[in-house]
Amino acid sequence: MLKYTFDWSIVTSGKYFEWLVSGLKVTLELSAVGIVCAFILGLLIAVLKMSHYRPVRWIATAYLEFFRNTPLLVQIFFWYFGSYKVLPAAVNEWLNSTNFEFAAAAIALTIYTSAFIAEDIRSGILSIPKEQMEAARSAGFSYLRSMQYIILPQAVRITIPPLVNQFLNLAKNSSLAMSIGVMELTYQARQVESYTFKGFEAFTAATVVYLGLSVVITALMDLYNKKVLNPNRA
Amino acid sequence: MEEALNFQVIIDNFTYFMIGRYPNGPLGGLGLTMYLAVVSCVLSFFGGLILGLLSLSRFAVVRHPVNLFINAVRGIPLLMVIFWMYFLLPALVGKTVPEATTVIMGLSIFTSAYMSQIVRAGIQGIPKGQTEAAISTGLKPWQAMLYIVLPQGLRNMIPSFVNQFVSLIKDTSLAFIVGVSELTHVGTQINNRTMAFPTEIFIFIAAVYFVLCFAFTSFSRWLEGRLAWRKSI
């Protein structure tokens, strides 16, 4: 075995602690942006996928299959290195004026996760019996209003657990943003490691933070399952 | 404004994308991606089987630590697991470990944790009466599991295993980060060398992954349909 002296103080205070905290902040920011955008986009794709028009459905299916079946890392590289040739000049200009690493990672995470979210939303909506829609339509609601007032409120309750799971995945996947230089938690842990050679401490700190996030959200989810989904059980 | 795409760079480097410098050098590109995915898949199948069975153990002393381990691995990013391997493996073995081995170990441990959940669900999906019947014919509990429950459960797990394999193929791209020259790494290499064609290169790489993963996803759906059909008759 190697001889190794632990020095936990470097990750609990001082400069390196601040690096890790700033990394956590970026991870949370990236996750928050990704979650909001991925949810909106996922909802849109799910609706398109259930459209009555075959070409629309076909486009949604192509989107879902393509982005679910390619690695997130490759998608990040595409947006970071390659997107300038296919995006309009105005969009490129706007992207360059922002923090481009962050933007590219956020776009990739959003699109990748939206494909998974769309499937979860769709199966949530499909799990609502058809009769609900038929009853709403015969009561005089339009298709969109039936969705809004009858189907979606019920579907949302069932869809929340898988959605939260996707959000957790997104938060974990945001670690890949380090590959294009976004200074999030994993990046900073690695940074601390290369400055201090205290890799064990740095990665333990990052691991504990990721685990903490997962544990808190999973616990909230269990509570939700007990209180909202199965209030009569237990 | 947008520039025209020129895919000549793909044609020029096609063999490099597919197999790296093989046979005059180490295997790389798509070949290495598949090698990493297949080896990790086999390892994590057994890892997942063992973890899944242990997580259902009658003994709390076994069950709880195993569940803790599974949930811990599922709670952190794969990248973290790979970095841990990067640190721990050399310390445990006492000498340097090749990057490909590091990645295979990281992928296997990570995927084992997910596979164990599939195994668990598959076993729990088999009616309890099967175990009870097996034990009442004189089999020991472990024999009932091995000869009666597991063979039936495993068949139902096959589509989920194939889906995990698809995830593995996608996850091998993370090997890039520790410098293993699989498909994604080869892509960035050629991108760094040619400079002018990042869009073409990453569209091509995404397409290669897509063809591969979509084929297996479709296969898994077909299997699922077949299993449902077999159960219905």
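Look a little higher up for the structure.
Parameters and conventions
- Residues numbered from 1 in each chain as written.
- Chains lettered and ligands numbered in written order.
- Predicted model: local features only at pLDDT ≥ 70, side-chain atom pairs only at ≥ 80, totals over all residues.
- Helix = DSSP H or I, 4+ residues; strand = E, 2+ residues; numbered from the N terminus.
- Buried ≥ 20, exposed ≤ 12 C-beta atoms within 10 Å, placed from the backbone.
- Contact = placed C-beta atoms within 7 Å.
- Nonpolar A, V, L, I, M, F, W, Y, C, P; charged D, E, K, R; others polar.
- Axes fitted to C-alpha atoms, helices over the stretch in contact; angles between N-to-C directions.
- Parallel < 35°, antiparallel > 145°, perpendicular 65-115°, else oblique.
- Left-handed = near helix turned anticlockwise from the far one by under 90°.
- Core = buried A, V, L, I, M, F, W, Y, C linked by C-beta atoms within 7 Å.

Draft legend 1. Just the overall build of chain B, in detail. Helices and strands together make up the secondary structure of chain B, namely 10 helices and 0 strands. Reading chain B from its N terminus to its C terminus gives the helix and strand order α-α-α-α-α-α-α-α-α-α. When the backbone C-alpha atoms are referred to their principal axes, chain B occupies close to 70 × 50 × 35 Å. In chain B, which comprises 233 residues, the share counted as buried stands at 39%.

Draft legend 2. Structural context of the overall build of chain A. When helices and strands are counted, chain A shows 10 helices and 0 strands. Each helix and strand of chain A, ordered N terminal to C terminal, gives the series α-α-α-α-α-α-α-α-α-α. Overall, the C-alpha framework of chain A stretches about 75 × 55 × 30 Å when taken along its three principal axes. Relative to its full complement of 234 residues, chain A shows a buried share of 38%. Considering only intrachain contacts with a sequence separation of at least 6, the fraction spanning at least 24 residues in chain A is 77%.

Draft legend 3. Region of interest: unusual backbone geometry. In the segment running from Tyr 22 of chain B into Pro 23 of chain B, the intervening peptide bond is cis, with an omega of 0°. With respect to the helices, strands and loops of the structure, Pro 23 of chain B is situated in the loop between helix H2 (14-19) and helix H3 (29-55). Located in the positive-phi region is Phe 197 of chain A, a residue other than glycine, with phi close to 60°. Its location among the elements puts Phe 197 of chain A in the loop between helix H9 (185-196) and helix H10 (199-229).

Draft legend 4. Geometry of the environment of Leu 48 of chain A. Residue and element names in this part refer to chain A. Mapping Leu 48 onto the fold places it in helix H2 (residues 14-49). On the basis of neighbour counts, which here come to 18 C-beta atoms within 10 Å, the residue Leu 48 falls in the partly exposed class. Residues Leu 48 and Phe 200, spaced 152 residues apart in sequence, show a C-alpha to C-alpha distance of 47 Å. Leave out the neighbours within four places in its chain, and Leu 48 touches Val 56, Ile 59 and Ala 60.

Draft legend 5. Broad picture of the interface of chain B and chain A. The interface of chain B with chain A comprises 34 residues on the first partner and 33 residues on the second. Of all the elements in the fold, those that place two or more residues in the side of chain B that touches chain A are helix H4 (60-75), helix H5 (78-93), helix H9 (183-194) and helix H10 (198-232) of chain B. If you tally residues by element for the side of chain B that touches chain A, the top one is H10 of chain B, at 11 residues. Here the residues of the side of chain B that touches chain A sort into 23 nonpolar, 8 polar and 3 charged.

Draft legend 6. Quick look at the environment of Gln 148 of chain A. Within the secondary structure, Gln 148 of chain A sits in helix H8 (residues 143-173). Taking the C-alpha atoms as reference points, Gln 148 of chain A and Ser 179 of chain A, 31 residues apart in sequence, are found 41 Å from one another.

Draft legend 7. Representation of the packing of helix H6 (residues 100-126) of chain A against H8 of chain A in the model. Residue and element names in this part refer to chain A. Running from amino to carboxyl end, H6 crosses H8 at an angle of 150°, the nearest separation of the two axes being 8 Å. Between H6 and H8, the crossing angle belongs to the class labelled roughly antiparallel. Handedness of the crossing formed by H6 with H8: right-handed. Of H8, the residues touching H6 (which contributes Leu 109, Thr 113, Phe 116, Ile 117, Asp 120, Ile 121, Gly 124 and Ile 125) are Ile 151, Ala 155, Ile 158, Thr 159, Pro 162, Leu 163, Gln 166, Leu 170 and Asn 173. Counted by class, the contact of H6 with H8 contains 11 nonpolar, 5 polar and 1 charged residues.

Draft legend 8. Main features of the packing of helix H7 (residues 130-138) of chain A against H8 of chain A. All names here are of chain A. Where H7 meets H8, the axes come as close as 10 Å, and the angle between the chain directions of the two elements is 135°. With respect to H8, the axis of H7 lies oblique. Considering only the axes of H7 and H8, their crossing is right-handed. Residue-level inspection shows Gln 132, Met 133, Ala 136 and Arg 137 of H7 in contact with H8, the latter providing Ser 146, Ile 150 and Ile 151. Class assignment for the residues of the contact of H7 with H8 results in 4 nonpolar, 2 polar and 1 charged.

Draft legend 9. Main features of the nonpolar core. Formed by 111 residues in total, the largest nonpolar core has its most connected members in Ile 76 and Ala 108 of chain A together with Val 81 of chain B. It is H6 of chain A that provides the largest number of residues to this core, a total of 14 residues. Here Val 81 of chain B is in contact with Val 73, Ile 76, Gly 106, Ile 109 and Phe 110 of chain B, once residues within four sequence places are set aside.

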